[in-house]
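# Descriptive analysis of the structure
Here is how the chains run, residue by residue.
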Amino acid sequence: DYRLAAHDVSELGIGFNLDIEGEPESQFKPASGDMIDVLFYLNQSLAIPLTIRVARVEEKDSIRRIGGEFVDTKTKAYQAFSSFIQTLDLLVDVAQLNKS
């Protein structure tokens with residue numbers, strides 16, 4: 001199991017850097033088309049189980065960037081995730097940042 005920060009999240013897919021310090025690259029070498037089960041953490045203990053299909057793998061400066069698309073969008077888990085993303089989108093549209 002690896003805890004990786006997502007850098008791009010939408011209702012269609014997710015992107016993250018696969019930079020596992022101290023782990024050999026051969027330990028986890030995803031390729032386009034691979035199916036990967038992920039847990040999308042909302043906080044330290046609350047996570048949504050999702051499955052992605054790897055759409056791209058790019059290597060730059062010894063960091064692998066992984067892009068994946070969500071599969072099985074009919075599950076309750078995906079519906080919860082989608083609702084969460086829609087809520088964030090609404091918040092961004094109406095929220096005001098108080099710069100005091």
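The shown structure was predicted, so the numbers you read here are calculated from the model rather than taken from an experiment.

## Quick look at the sheet that holds strand S5 (residues 63–70)
Taken together, the five strands give an open sheet; going across it, the order is S1-S2-S5-S4-S3, and neighbouring strands pair in antiparallel fashion. Looking at which strands have only one partner, the edges of the open sheet turn out to be strand S1 (6–9) and strand S3 (35–41). Averaged over all pairs of adjacent strands, the angle between their axes in this sheet comes to 35°, without regard to strand direction. As defined by bridge partners, strand S4 (residues 47–60) adjoins S5 across eight bridges and the pair is classed as antiparallel. Looking at S5, one finds that Arg56 is bridged to Gly67.

## Observations regarding the packing of aromatic side chains
This model, assessed by the stated rule, comprises five aromatic pairs. Taken together, a centroid distance of 5.1 Å and an interplanar angle of 85° make the contact between Phe40 and Phe81 edge-to-face. Of this pair, Phe40 sits in strand S3 while Phe81 sits in helix H1 (residues 76–94), and the two are 41 residues apart along the sequence. With respect to class, Phe40 is no different from Phe81; both count as buried.

## Digging into the pairing of S5
In terms of strand pairing, strand S2 (residues 13–18) meets S5 through six bridges, oriented antiparallel. From the neighbouring strand, Leu18 faces S5, where its bridge partner is Arg64. As consecutive antiparallel partners, S4 and S5 are separated by two residues, and within that stretch Asp61 has a phi angle of approximately 50°, a positive value.

Quick notes on the rules
- Residues numbered from 1 in each chain as written.
- Predicted model: local features only at pLDDT ≥ 70, side-chain atom pairs only at ≥ 80, totals over all residues.
- Heavy atoms only, no water.
- Pairing = 2+ DSSP bridges.
- Helix = DSSP H or I, 4+ residues; strand = E, 2+ residues; numbered from the N terminus.
- Axes fitted to C-alpha atoms, helices over the stretch in contact; angles between N-to-C directions.
- Phe/Tyr/Trp six-rings, centres within 6.5 Å; stacked < 30°, edge-to-face > 60°.
- Buried < 20%, exposed > 50% of the residue type's maximum accessible area, 1.4 Å probe, protein only.

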